[in-house]
Amino acid sequence: LGQRYEKEIFDELPEVDAILGTTEYESIVEAVKAVLEGKKIKTLGDFDKVMKDENNSLNRVVTTAGHYAYLKIAEGCDSHCTYCVIPSLRGKYRSRSMESLIEETKTLAQQGVKELILVAQDTAVYGKDIYGKSVLDELLKNICKVDGIEWVRLLYCYPENITDETIEVMASEKKILHYLDMPVQHG
């Protein structure tokens, strides 16, 4: 809401003290400090900025029940469907490196996470932007090698982007749940 309507919010709701954009979660502490000093804050930032690989054990706080956690593998979308506002709010599709995701998976497993839920606006095209093609199948194989992770779930896979290789990995890897969350709500 803030990313899309920041001017309207400040104009119509003068009691709002701060608006942070969709990629500015790292600015929350500074924004709160500034608001406590009586300042109005608008930090929308660049919603196309690259996802930081440092989003791992040093910064990660597991806010779920402890036995499961979400792993954000990418942000944004390149599809520009006529009904959808995500590209204008979240920016272009940007994958995190596979190495950083495996490192974070290991850290989560050490913290007791058993189920890992992969999430992005479209997990099926993971890696296309940085590796030249979808490498979701390779990511899944590497995640399944991590000791402690017992289940892997995929959220938001557009059916037209699921590859035969991904289906093959899902069929052969025992840790991957035979479950696909497909965002058909717009259909």
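What this report covers is the structure whose coordinates are included nearby.

Quick look at the pattern of salt bridges
Reasoning step 1: In total, this model carries seven salt bridges according to the counting rule given.
Reasoning step 2: The salt bridge partner of arginine 96 is glutamate 104, with a shortest N-O separation of 2.8 Å.
Reasoning step 3: Arginine 96 gets classed as buried once you look at its relative accessible area, which sits at 0%.
Reasoning step 4: A salt bridge links glutamate 115 to arginine 153; the shortest N-O distance between them is 2.6 Å. Highlighted residues: glutamate 115 in strand S6 (residues 115-119) and arginine 153 in strand S7 (residues 151-154), separated in sequence by 38 residues.
Reasoning step 5: On the basis of relative accessibility, which here comes to 22%, the residue arginine 153 falls in the partly exposed class.
Reasoning step 6: One network of salt bridges, with partners in common, ties together Lys72, Glu75 and Arg90.

Notes on the nonpolar core
Reasoning step 1: Counting 32 residues, the largest nonpolar core has Ile73, Leu118, Tyr126 and Leu139 as its most contacted members.
Reasoning step 2: At the level of secondary structure, the elements contributing two or more residues to this core comprise strand S3 (68-72), helix H4 (98-110), S6, helix H6 (136-144), S7 and helix H7 (164-172).

Details of the packing of aromatic side chains
Reasoning step 1: Throughout the structure, instances matching the rule amount to two aromatic pairs.
Reasoning step 2: Summarising the aromatic geometry, the rings of tyrosine 68 and tyrosine 70 are spaced 6.1 Å apart at their centres and angled 80° between planes, so their arrangement reads as edge-to-face.
Reasoning step 3: Classification of tyrosine 70 as partly exposed rests on a relative accessible area of 38%.
Reasoning step 4: Sitting over the face of the ring of tyrosine 179, arginine 153 holds its NZ or CZ atom 4.6 Å from the ring centroid.

Considerations on the pairing of S6
Reasoning step 1: Judged by how many residues are buried, S6 sits mostly within the fold: five of five residues are covered.
Reasoning step 2: Residue alternation in S6 divides its side chains into two sets, Glu115, Ile117 and Val119 and Leu116 and Leu118, and both sets are buried.
Reasoning step 3: Here five bridges tie S3 to S6, and the two strands are oriented parallel to one another. Bridge pairing in S6 links alanine 69 to leucine 116.
Reasoning step 4: In the sheet, S6 pairs with S7 via four bridges, with the strands oriented parallel. By the bridge assignment for S7, leucine 116 is matched with valine 152.

Here we look at the packing of H4 against H6
Reasoning step 1: Where H4 meets H6, the axes come as close as 10 Å, and the angle between the chain directions of the two elements is 30°. Relative to H6, H4 is oriented roughly parallel. The two elements H4 and H6 meet at a crossing, and its hand is right-handed. Of H6, the residues touching H4 (which contributes Met98, Leu101, Ile102 and Thr105) are Glu138, Leu139, Asn142 and Ile143.
Reasoning step 2: Split by residue class, the contact of H4 with H6 holds five nonpolar, two polar and one charged.

Analysis parameters
- Residues numbered from 1 in each chain as written.
- Predicted model: local features only at pLDDT ≥ 70, side-chain atom pairs only at ≥ 80, totals over all residues.
- Heavy atoms only, no water.
- Salt bridge = Lys/Arg side-chain N within 4 Å of Asp/Glu carboxyl O.
- Buried < 20%, exposed > 50% of the residue type's maximum accessible area, 1.4 Å probe, protein only.
- Helix = DSSP H or I, 4+ residues; strand = E, 2+ residues; numbered from the N terminus.
- Core = buried A, V, L, I, M, F, W, Y, C linked by side-chain atoms within 4.5 Å.
- Phe/Tyr/Trp six-rings, centres within 6.5 Å; stacked < 30°, edge-to-face > 60°.
- Lys NZ or Arg CZ within 6 Å of the ring centre and 35° of its normal.
- Pairing = 2+ DSSP bridges.
- Axes fitted to C-alpha atoms, helices over the stretch in contact; angles between N-to-C directions.
- Parallel < 35°, antiparallel > 145°, perpendicular 65-115°, else oblique.
- Left-handed = near helix turned anticlockwise from the far one by under 90°.
- Contact = heavy atoms within 4.5 Å.
- Nonpolar A, V, L, I, M, F, W, Y, C, P; charged D, E, K, R; others polar.

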